[in-house]
Each structure stands twice: as structure tokens, then as C-alpha cells.
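If you want the building blocks of each chain, they are given just below.
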Amino acid sequence: MIDDAWCPDEELRAAAALLPSPDPVHRSAGYARLAARAAPGEDALRSWAVDTVLGRAEREPDGSVLSVLVEVLEAAQDARALPVLLELVGHPDAQVRRAVAKALPFVGEPVPDSPRVRALLALCRDGDRAVRDAAVFGLGTLDEAYGPAVRAALHERLDDEDEEVAEEAVRGLARRQDVSVLPRLIDLLETYVEPHPLTLSAAAVLGRPELLPVLDELAAERPDDLRIAAARAACDPARREEFAGLSWRLLEELSVRRPDLDAALAWPRFSTDLHLELRRGSDPVAYHADGLLNRAGRDPSRAAALVDADCPPTA
């Protein structure tokens with residue numbers, strides 16, 4: 001629903017006025033403007049954008065224009081768009097299917113075996129390499145995409161004729177702790193002059209000591225690269241053990257100092273970030289544990305004191 005106090009500004013109204021145009025160039029321009037505004041927009045703007053374009057999807061005859069319309073739905077991240085996206089999975093235009101593959105991870109609820117996961121599984125086998133690339137990337141990053149069918153689809157794409165699609169499959173499997181891709185992941189780290197940030201992230205999430213030699217070589221070449229340093233730390237068993245110990249001491253210190261905060265440590269799936277979560281009424285607070293400890297000079301007691309100061313007791 002749109003907030004009654006909110007109304008579109010002149011720029012948004014001008015963009016919407018282009019949508020009924022018989023000229024596909026004008027329609028595409030209108031959708032592109034709406035997508036650009038919806039991406040960083042407030043909830044009311046996003047809702048209005050979806051209301052404005054959703055009913056036009058089934059009437060849009062031009063595939064290139066329809067793909068830009070789908071970009072609006074991706075930017076708005078509104079669950080109401082999911083049925084429309086699912087209907088477009090089999091669209092004859094590859095541009096549309098690629099736009100759908102890019103949008104699906106941002107639309108819908110993160111539940112196991114969700115419709116969007118099943119749609120991405122189908123798009124992973126698309127005949128167009130750009131569609132497969134977008135689908136494998138999306139599938140690899142979805143938290144709920146964790147079952148045997150997902151792993152099988154990613155393994156299948158390891159042998160994809162397109163190199164970029166295969167690389168996305170390697171990264172997706174590494175995020176899922178599949179050690180069978182270690183040789184392929186090492187090869188990705190060795191092959192490129194500058195490893196892709198997502199490859200370094202996947203190496204950090206996998207966190208295997210077998211990755212240390214190649215990461216050491218990269219660190220020697222780029223000593224100031226924080227992403228390489230983070231991946232090395234995540235793959236070093238001694239540093240992982242030290243960090244786990246400091247984080248646990250932080251939790252214990254905070255539990256004694258402020259039991260009312262109901263603190264807990266949480267490690268989100270497919271992430272290298274250990275979070276300190278405070279269940280504080282209806283307004284939960286979360287810290288990156290490593291960043292908090294760094295602020296405190298790696299001293300758990302000081303870190304607990306920082307949290308205490310940040311979260312004064314409620315009256």
C-alpha cells in the first residue's frame with residue numbers, strides 16, 4: 001500500500017507518462033528512470049513503482065522493453081512481483097529471462113525449496129550463456145538455496161562451456177562448504193592477475209588451510225589488499241581459533257555485565273562475518289564481532305564496555 005501522505009514527484013510522473021507510449025524507446029526510457037529511482041528509494045516510492053508497472057508486464061510486446069520493466073521489479077524488491085517473474089521464466093526473449101534471473105534473488109521469501117529457487121534451477125540450464133550466468137550467480141548467493149538439487153545444479157555447471165558460468169558455480173559450491181571444488185578454487189585464485197572479489201569471499205567462507213599457499217602468494221604481491229588479508233585470516237586455523245576464543249570471551253563478559261541484552265553469537269550462512277546479536281525488545285542490535293574487537297584493541301572486556309556504553313539500560 002502507498003502511504004497517503006506520499007505522492008510521486010515531477011520526475012517520477014514524467015517517467016510514468018512515457019509508459020503508454022507507442023514508441024518502445026520511450027517506454028524503455030520510462031522504465032529505466034523508474035528503476036533508477038526505485039533502487040535507493042523509500043518504501044512508498046518502491047510500492048508506487050510496482051503499482052505503476054506490474055500490470056503492464058503481460059501487455060508489453062517488446063522483449064527489450066520488458067527486460068527493463070523487470071529491472072524496476074528487481075529494484076523495488078516487492079513480493080507482489082514474484083508471480084509475474086515466475087510467469088516470465090520461459091519467455092522466448094533471452095534478455096527477459098536474464099532480467100528475471102537477476103531479479104529473482106531480490107523478490108520473495110527466503111524459504112527452503114522456494115518458487116524462486118526452483119525457477120533459478122531451471123534458468124541454470126538455459127540455452128543462453130548470459131541467462132545461465134545470472135541464474136548461477138543468483139542461486140549461489142541465496143541463503144535458502146542449500147538442498148541437494150541446488151548442489152547438483154551447481155556441480156553440473158562446473159563443466160559449463162562458458163568460463164564465467166563455471167566460475168560462478170565454483171564460488172557457489174565453495175560457499176556451501178563443498179571441499180570438492182578446492183582445486184578449481186585454487187586455480188581461480190592463481191589464474192587471474194587480480195582475483196575476483198567474489199572468489200576471495202568464497203575462499204574466506206570455505207576457510208580451508210589448503211588455500212593458504214596461494215593466498216600467501218597473493219598477499220606478498222598485494223600486501224595492502226584487505227580482501228586478501230581477510231581470506232588468509234579465515235583460512236588460517238590458528239587465527240580462526242584465536243578469533244573464536246576472543247568472541248566467546250566477549251559474549252561471556254557482556255552476559256555478566258549486561259544480562260538484560262540477551263546477547264548471542266550468530267554466524268550467517270555463506271558469510272565470514274560472526275555477529276554479536278542483542279535481542280533488545282523490538283529493536284534488535286547487531287555488531288560485526290571482528291570489527292567490535294578491533295575497536296577495542298582485541299580486548300574482550302573493552303569490547304563489552306563499548307557495547308554497554310552504546311546500549312544504555314531502558315528505564
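Structure: above.
We now turn to the structure provided with this report. (Residues numbered from 1 in each chain as written. Predicted model: local features only at pLDDT ≥ 70, side-chain atom pairs only at ≥ 80, totals over all residues. Heavy atoms only, no water.)

**Quick word on unusual backbone geometry**
Comment: phi is negative for the bulk of residues other than glycine, and the bulk of peptide bonds are trans. So the rule is basically this: Counting from the N terminus, the helices are the DSSP runs of H or I reaching at least four residues and the strands are the DSSP runs of E reaching at least two. The buried label applies to any residue whose accessible area, calculated with a 1.4 Å probe on protein chains only, is under 20% of its type's maximum; exposed applies above 50%, and partly exposed to all values in between.
One non-glycine residue, Q77, adopts positive backbone phi at about 55 degrees. Topologically, Q77 is positioned in the loop between helix 4 (63-76) and helix 5 (82-87). In the Ramachandran plot, Q177 falls in the positive-phi region, its phi being about 60 degrees despite a non-glycine side chain. Structurally, the position occupied by Q177 is in the loop between helix 10 (163-175) and helix 11 (182-191). Looking at Q177, the relative accessible area reads 41%, which means it is partly exposed.

**Notes on the pattern of salt bridges**
Counted only if it meets this: Between Lys or Arg on one side and Asp or Glu on the other, a salt bridge is scored when a side-chain nitrogen of the former is within 4 Å of a carboxyl oxygen of the latter.
In total, this model carries 22 salt bridges according to the counting rule given. Linking E156 and R125 is a salt bridge whose minimum nitrogen-to-oxygen distance equals 3.2 Å. Of this pair, E156 sits in helix 9 (residues 148-157) while R125 sits in the loop between helix 7 (115-123) and helix 8 (129-141); the two residues are 31 residues apart in sequence, bridging distant segments of the chain. On the basis of relative accessible area, E156 is assigned to the partly exposed category, the value being 34%. Taking relative accessible area as the criterion, R125 reaches 45% and is therefore assigned partly exposed. Two residues, R129 and D162, come together in a salt bridge whose shortest N-O distance is 2.9 Å.

**A few points about the packing of helix 1 (residues 10-17) against helix 2 (residues 24-38)**
Our working definition: Only the stretch in contact is used when fitting a helix axis, every axis being a line fitted to C-alpha atoms; angles between N-to-C directions are given from 0 to 180 degrees. By definition, turning the near helix anticlockwise from the far helix through less than a right angle yields a left-handed crossing, and turning it clockwise yields a right-handed one. What makes two residues a contact is simply this: any of their non-hydrogen atoms within 4.5 Å. Polarity classes work like this: nonpolar for Ala, Val, Leu, Ile, Met, Phe, Trp, Tyr, Cys and Pro, charged for Asp, Glu, Lys and Arg, and polar for all others, with Gly in that last group.
Running from amino to carboxyl end, helix 1 crosses helix 2 at an angle of 145 degrees, the nearest separation of the two axes being 7 Å. The interaxial crossing formed by helix 1 with helix 2 has left-handed handedness. Each of E11, L12 and A15 in helix 1 lies in contact with helix 2, whose residues at this interface are G30, R33, L34 and R37. When grouped by side-chain class, the residues that make up the contact of helix 1 with helix 2 number three nonpolar, one polar and three charged.

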